[in-house]
Amino acid sequence: MLAFYDYGSSKMNLEMLLEMTDRKIHKYDVALVEGAYTAATLAQVDSPLDVIESNLKQLIIK
C-alpha cells in the first residue's frame, strides 16, 4: 500500500496508523497531488514498486 498526505494532522494520523498496523505501508513525503497521480498512473500499467519509487524521488518536498 502506498500512502500520501498533506502536512499537518494527516501526517500525524498516518504515523499513528503505521504504529498500529502490521500491513506494509510505504509513506512518501512528496507533493500530494503530483505524487499520488504519478504513483497511480504507474501502478495502472503494472510498474514495479522500485520504478514507482524512483519516479517519486523527483517529487520529494524536504
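Just above, that's the structure.
Residues numbered from 1 in each chain as written. Predicted model: local features only at pLDDT ≥ 70, side-chain atom pairs only at ≥ 80, totals over all residues. Heavy atoms only, no water.

K.L.:
An account of the side chain of His26 is needed here, citing residue identities and associated values.
P.N.:
One can find His26 in strand E2 (residues 26-27). On the basis of relative accessibility, which here comes to 18%, the residue His26 falls in the buried class. Excluding anything up to four places from it in sequence, His26 contacts Met1, Leu2, Ala3, Leu49 and Glu53. (Helix = DSSP H or I, 4+ residues; strand = E, 2+ residues; numbered from the N terminus. Buried < 20%, exposed > 50% of the residue type's maximum accessible area, 1.4 Å probe, protein only. Contact = heavy atoms within 4.5 Å.)

K.L.:
Any details on the packing of aromatic side chains? Residues and values, ideally.
P.N.:
Tallied over the entire structure, the rule returns one aromatic pair. Look at Phe4 and Tyr28: their rings are 5.5 Å apart centre to centre, the planes differ by 25°, and that puts the pair in the stacked class. Of this pair, Phe4 sits in the loop between strand E1 (2-3) and helix H1 (9-20) while Tyr28 sits in the loop between E2 and helix H2 (32-44); the two residues are 24 residues apart in sequence, bridging distant segments of the chain. Accessibility expressed as a relative area gives 22% for Phe4, which makes it partly exposed. Relative accessible area serves as the criterion here: at 9%, Tyr28 is assigned to the buried category. (Phe/Tyr/Trp six-rings, centres within 6.5 Å; stacked < 30°, edge-to-face > 60°.)

K.L.:
Provide a residue-level description of unusual backbone geometry, including the pertinent values.
P.N.:
Most peptide bonds adopt trans geometry, and most residues besides glycine take a negative phi value. In this structure, Asp46 is a non-glycine residue whose phi angle is positive, near 60°. Topologically, Asp46 is positioned in the loop between H2 and helix H3 (49-56). The class for Asp46 is exposed, based on a relative accessible area of 67%.

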